[in-house]
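# Reading the structure
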Amino acid sequence: MAFPDIGGFRDESGRIVWAVVRQQPTTIDAKAPDVRTVREILASTGIKAVTESRMVDWLNCHTIFVSCLNAAIIRAGGDPVRAARSPTILNRMVGAIHDGFRAYRKRGGRVRPMPLAVLFGPVPAAFAARYWKRELQGPVAKITLAPHTRNSEHDEVPLLCHEANALLGGDAPVLKRWLAPLVDRAGREE
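Here goes a summary of the coordinates provided. This one's a predicted model, so the numbers in the text were calculated from it and none came from an experiment. (Residues numbered from 1 in each chain as written. Predicted model: local features only at pLDDT ≥ 70, side-chain atom pairs only at ≥ 80, totals over all residues. Heavy atoms only, no water.)

## Brief notes about the nonpolar core
Membership of the largest hydrophobic core comes to 47 residues, with the highest contact counts inside it found for Phe65, Met93, Phe101, Phe120, Trp132, Trp178 and Leu179. Not counting the four nearest positions on each side in its chain, phenylalanine 101 is found in contact with Cys61, Ile64, Phe65, Val111, Leu116 and Phe120. (Core = buried A, V, L, I, M, F, W, Y, C linked by side-chain atoms within 4.5 Å. Buried < 20%, exposed > 50% of the residue type's maximum accessible area, 1.4 Å probe, protein only. Contact = heavy atoms within 4.5 Å.)

## As for the packing of helix H2 (residues 55-75) against helix H4 (residues 87-106)
Between H2 and H4, the shortest axis-to-axis distance is 9 Å and the interhelical angle comes to 160 degrees. By the angle class used here, H2 and H4 are roughly antiparallel. Considering how the two elements wind past one another, H2 and H4 form a crossing that is right-handed. For the pair formed by H2 and H4, the contact residues are Val56, Asp57, Asn60, Cys61, Ile64, Phe65, Cys68, Leu69, Ala72 and Arg75 on the first element and Ile89, Arg92, Met93, Ala96, Ile97, Gly100, Phe101 and Tyr104 on the second. For the contact of H2 with H4, the per-class residue count stands at 13 nonpolar, 2 polar and 3 charged. (Axes fitted to C-alpha atoms, helices over the stretch in contact; angles between N-to-C directions. Helix = DSSP H or I, 4+ residues; strand = E, 2+ residues; numbered from the N terminus. Parallel < 35°, antiparallel > 145°, perpendicular 65-115°, else oblique. Left-handed = near helix turned anticlockwise from the far one by under 90°. Nonpolar A, V, L, I, M, F, W, Y, C, P; charged D, E, K, R; others polar.)

## Digging into H4
For an α-helix, the turn length of 3.6 residues means that residues three or four places apart are oriented alike. Given a rise of 1.5 Å per residue, 20 residues ought to cover 28 Å, and the 28 Å separating the end C-alpha atoms of H4 matches this to within 8%. Regarding H4, the residues found buried are Ile89, Leu90, Met93, Val94, Ala96, Ile97, His98, Asp99, Gly100, Phe101, Ala103 and Tyr104. (Expected span 1.5 Å × (residues − 1).)

## Regarding the pattern of salt bridges
Under the counting rule described, the total for this entry stands at 7 salt bridges. A single salt-bridge network, built from bridges that share partners, covers Arg22, Arg134 and Glu135. (Salt bridge = Lys/Arg side-chain N within 4 Å of Asp/Glu carboxyl O.)

## Observations regarding the layout of surface pockets
To find leftover empty space, one rolls a probe the size of a water molecule over the atoms. Size it by volume and the largest pocket reaches roughly 740 Å³. Forming the boundary of the largest pocket are 31 residues, of which Val21, Gln24, His62, Phe65 and Val66 lie nearest the centre. Those elements that provide at least two residues to the lining of the largest pocket are strand S2 (6-10), H2, helix H5 (114-119), helix H6 (125-135), helix H7 (139-151) and helix H8 (156-168). Here the lining of the largest pocket gets 7 residues from one element, more than from any other, and that element is H2. When the residues that make up the lining of the largest pocket are grouped by side-chain class, the tally is 18 nonpolar, 10 polar and 3 charged. (1 Å grid on protein atoms, 1.4 Å probe; cavity = no way out; pocket = protein on both sides within 12 Å on 5 of 7 lines; lining within 4 Å. Points joined across faces, edges and corners; volume = space filled by probe spheres on them.)

## Notes on the packing of aromatic side chains
By the definition in use, this model includes 5 aromatic pairs. With a centroid separation of 5.4 Å and an interplanar angle of 80 degrees, the aromatic rings of tyrosine 131 and tryptophan 132 are classed as edge-to-face. Tryptophan 132 shares its class with tyrosine 131; the two are buried. Among the aromatic residues, those joined into a ring-pair cluster are Phe65, Phe101, Phe120, Tyr131 and Trp132. Positioned over the ring face of tryptophan 178 is arginine 75, at 3.9 Å from the centre of the ring. (Phe/Tyr/Trp six-rings, centres within 6.5 Å; stacked < 30°, edge-to-face > 60°. Lys NZ or Arg CZ within 6 Å of the ring centre and 35° of its normal.)

## Structural notes on the state of the cysteines
By the definition in use, this model includes 0 disulfides. Summary of cysteine pairing: cysteine 68 is not part of a disulfide, and the nearest cysteine sulfur, belonging to cysteine 161, is at 7.5 Å. By relative accessible area, which is 0% here, cysteine 68 ends up buried. The class for cysteine 161 is buried, based on a relative accessible area of 0%. (Disulfide = S-S within 2.5 Å.)

## Considerations on unusual backbone geometry
Of note, the bond from arginine 112 into proline 113 is cis; its omega dihedral lies within 30 degrees of zero at -5 degrees. Within the fold, proline 113 resides in the loop between H4 and H5. Phi at aspartate 34 is positive, roughly 60 degrees, even though this residue is not glycine. The topology assignment puts aspartate 34 in the loop between strand S4 (26-29) and helix H1 (35-44).

## Regarding the environment of valine 35
Turning to its location among the elements, valine 35 is positioned in helix H1. Counting along the chain gives 16 residues from valine 35 to threonine 51, while the straight-line C-alpha distance between them is 7.9 Å. Those residues within four positions of valine 35 in sequence are excluded, and the remaining contacts are Ile28, Asp29, Ala30 and Thr51.

## A short note on the environment of aspartate 79
Relative to the helices and strands, aspartate 79 resides in the loop between H2 and helix H3 (80-84). You can call aspartate 79 partly exposed: its relative accessible area is 33%. The spatial distance from the C-alpha of aspartate 79 to the C-alpha of proline 147 is 9.4 Å, given a sequence separation of 68 residues.

Spelled out as structure tokens, the structure:
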């Protein structure tokens, strides 16, 4: 299992548009077979690759985190810059992520990777909002997040939001309210 440090989409002309997510190296499950070989192969291409001993936690946290980011972009009409410029959207998004990670910890999970654990843990929420205000206006949001919210608003994103809620079993009411409109689009009842 691995998760890439790049994201993107295919534009109308068929061209692949992509960006490196500098904050997130390609993350490989440290318990996977041949993990060293996989890491060496990826590194030989110039891709920054790391191993993660708690890959299930990493993927669960990614589900919680990306669901909340997607919800912010969708609430801003698919425009991450508009989401960044809305203090209400930013603060509600950060609050939902904090609540989700708090509930995940309460259920025995560990927030991974560590930068997310810090940003949505001991760091004041206002700092996390300022950080994401900047990031939502850059290529990570424009290229790796927003296109997928527009193209999968009625399937992938609602299912991801449903999965985030399911991981937390009702222990994250702030996150649940934040994701509710998207979960409803999946035809799921929470």
